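Observations on the three-dimensional arrangement
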Amino acid sequence: MLLFKSAAYFTTKGIVKGDLFVERGKVFLSGGHVFSDTDEVIDAENMLIVPGFADIHVHLREPGFFYKESIASGTESGVRGGYTLLCAMPNLNPVPDNAEHLAVERKIIDASARCEVLPYGALTVGEKGKEIADIEGLAPHVVGFSDDGKGVQNDEIMREAMLRVKACGKFVSAHCEDESLLNGGYVHDGGYAAAHGHKGISSASEWKMIERDVALAAQTGVKYHVCHVSTAESVEIIRRAKAEGTNVTCETAPHYLVLCDEDMQEDGRFKMNPPLRSRRDRDALVKAFADGTVDTIATDHAPHSDEEKSRGLAGSAMGVIGLEFSFAVLYTELVKTGRVPLDRLIYAMSTAPRRIIGAEGGDIYDGAKADLAVLDLSREWTVRGEQSASKGNSTPFEGRKVYGKNVMTLLNGEIIWKE
């Protein structure tokens, strides 16, 4: 048995102070419980214990792109960051668009994952948007369906896919991007692009597709989740859809809440899709996160090789890493500055993602599953991408001083990582 003495721990009813026991993969609270065979006692006086974080949007790159990331390295990065559950996107090789292709990925997960990994199935064959994937054959083995990295351009294909996903009791997680509005852009179509001669991606390329999709979700009744929301207009569409009763949730990433195009530099670590938007967009996202319109934080952890990220803004691959930095960056920039309460951040990183996907956990109570992260909120440290366990090291937060560090991760009551 493991005893965390004098801990502060998160519950969905508030943060509580007291002893916390872990035994047989479960959490037991101090009130009314007597244990005589304590194996280890940890002084948790200055720690906050939270349900292990969950990220419903990560790229573990395997199979197909082992040089960028592997299931082993990506999940190692996750457990260091306090994550016990990761949902892996399907832009892989082979694309998991049928049970045979999915089996390749699941075999690697079973052999090498350091935490729980739930794969997505593709919405369309090869993620090409032309033919709907084997939704029915995949459904029992995947968390949900997505063509992440690409928006489904055809309205009828998306509508039919939604109907079939709903019939299987799953959800659609959508990358919303109208390709007809991209115009060759690779950064936000704003002040930075204009000042530095870059081609811009319009905000409309995102929000117009969200507008289409929430209308289709209302028609079909599917559970619909919007990936990496980045614009003020997107937030308003989702807010209205929720008010009208559409079954819609959404995520944003730490970089969209903390940075904007004014922070950009001529460096590939500032290139991701969607791009860093305007100050107005960032402020709208922070407000929407605080009021619950934005349900959850997803890192969109998307590692690339050093060479792929060394070609400047125009030539670098899109994507940055984030699993080991997400909590600290948001705690430092949103909680310590008073813009978002601590319990709101924990809820969005631990509870909300599990509720979206229907997974167990996300709360601490007597008898709860002991998937936990132990946070030292007073710890000051510096973000260094090369020190990450990920094969990628490109982060827009490079060199930033932050507070709050995960020092221990437990899965099913077992310590799987300790600083």
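As a reminder, the structure under discussion sits directly above these lines.
Below, the structure is looked at part by part.

Quick word on the overall build of the chain
In terms of helices and strands, the chain carries 12 helices and 19 strands. Relative to the globule expectation of 22 Å for 419 residues, the C-alpha radius of gyration of the chain, 21 Å, shows essentially globular dimensions. The dimensions of the chain, computed from C-alpha atoms along their principal axes, are 65 × 50 × 45 Å. Taken over 419 residues, the chain has a buried fraction of 62%. The contacts of the chain with a sequence gap of at least 6 include a subset with a gap of at least 24, amounting to 73%. Averaging the coordinates of the 47 positive side-chain charges in the chain and doing the same for the 62 negative ones gives two points 2 Å apart.

Some points on helix α2 (residues 99-112)
With 14 residues, α2 should reach 20 Å at 1.5 Å per residue; the first-to-last C-alpha distance of 20 Å fits that figure. Listed as buried for α2 are Leu 102, Glu 105 and Ile 109. Those residues of α2 that are buried lie in contact with α1 (71-80), β7 (83-88), β8 (116-119) and α3 (135-138). Among the residues of α2, the N-terminal cap falls to Asn 98, whose side-chain oxygen and the backbone nitrogen of Glu 100 are separated by 3.1 Å.

Topic: the packing of helix α4 (residues 155-167) against helix α6 (residues 204-220)
The description of two helices packed together rests on the angle between their axes and the distance between the axes. Running from amino to carboxyl end, α4 crosses α6 at an angle of 40°, the nearest separation of the two axes being 10 Å. Comparing their axes, α6 and α4 come out oblique. Considering only the axes of α4 and α6, their crossing is right-handed. Judged by residue contacts, Asp 155, Met 158, Arg 159, Met 162, Leu 163 and Lys 166 of α4 engage Arg 212, Asp 213, Leu 216, Ala 217, Gln 219 and Thr 220 from α6. For the contact of α4 with α6, the residue count by class is five nonpolar, two polar and five charged.

Remarks on the packing of aromatic side chains
Pairs of aromatic rings are described using the distance from one ring centre to the other and the angle between the two planes. Counted under the stated rule, the structure contains five aromatic pairs. Plain terms: the ring middles of Phe 53 and Phe 327 are 5.6 Å apart, the flat faces sit at 25° to each other, and that makes the pair stacked. Of this pair, Phe 53 sits in strand β6 (residues 53-58) while Phe 327 sits in helix α11 (residues 326-335), placing them 274 residues apart in sequence. Taking the relative accessible area as the measure of exposure, Phe 327 reaches 4% and is therefore buried. What links up through ring pairs into an aromatic cluster is the set Phe 53, Tyr 83, Phe 327 and Tyr 331. Here the basic side chain of Lys 336 rests over the ring of Tyr 403, its NZ or CZ set 4.7 Å away from the ring centre. The ring of Trp 381 carries Lys 405 above its face, with NZ or CZ at 4.7 Å from the centroid.

Concerning the pattern of salt bridges
Using the criterion set out here, one finds 24 salt bridges in the structure. Two residues, Arg 400 and Glu 333, come together in a salt bridge whose shortest N-O distance is 2.9 Å. Remark: Glu 333 occurs in helix α11 and Arg 400 occurs in the loop between β17 (372-382) and β18 (401-411); sequence separation between them is 67 residues. Residue class for Arg 400 comes out partly exposed when judged on its relative accessible area of 24%.

Let's talk about the state of the cysteines
The term disulfide refers to a covalent linkage connecting the sulfur atoms of a pair of cysteines. The final tally for this structure, using the stated rule, is zero disulfides. A disulfide-free cysteine, Cys 176 has its sulfur positioned 7.3 Å from the sulfur of Cys 227, the nearest such atom. There is no disulfide at Cys 260, and the cysteine sulfur nearest it, in Cys 250, is 20 Å away. The buried category is assigned to Cys 260, whose relative accessible area is 1%.

Observations regarding the sheet that holds β8
The three strands lie next to each other as β6-β7-β8, forming an open sheet whose pairing is parallel. Bordering the open sheet on either side are β6 and β8, each of which pairs with just one other strand. When the angles between neighbouring strand axes are averaged without regard to direction, this sheet yields 15°.

Procedures and definitions
Residues numbered from 1 in each chain as written. Predicted model: local features only at pLDDT ≥ 70, side-chain atom pairs only at ≥ 80, totals over all residues. Heavy atoms only, no water. Helix = DSSP H or I, 4+ residues; strand = E, 2+ residues; numbered from the N terminus. Rg over C-alpha atoms; globule rule 2.2 N^0.38 Å. Buried < 20%, exposed > 50% of the residue type's maximum accessible area, 1.4 Å probe, protein only. Contact = heavy atoms within 4.5 Å. Lys, Arg positive; Asp, Glu negative; His and termini not counted. Charge placed at Lys NZ, Arg CZ, Asp CG, Glu CD. Expected span 1.5 Å × (residues − 1). Polar contact = N/O pair within 3.5 Å; in protein donor to acceptor, adjacent residues only side chain to side chain. Axes fitted to C-alpha atoms, helices over the stretch in contact; angles between N-to-C directions. Parallel < 35°, antiparallel > 145°, perpendicular 65-115°, else oblique. Left-handed = near helix turned anticlockwise from the far one by under 90°. Nonpolar A, V, L, I, M, F, W, Y, C, P; charged D, E, K, R; others polar. Phe/Tyr/Trp six-rings, centres within 6.5 Å; stacked < 30°, edge-to-face > 60°. Lys NZ or Arg CZ within 6 Å of the ring centre and 35° of its normal. Salt bridge = Lys/Arg side-chain N within 4 Å of Asp/Glu carboxyl O. Disulfide = S-S within 2.5 Å. Pairing = 2+ DSSP bridges.

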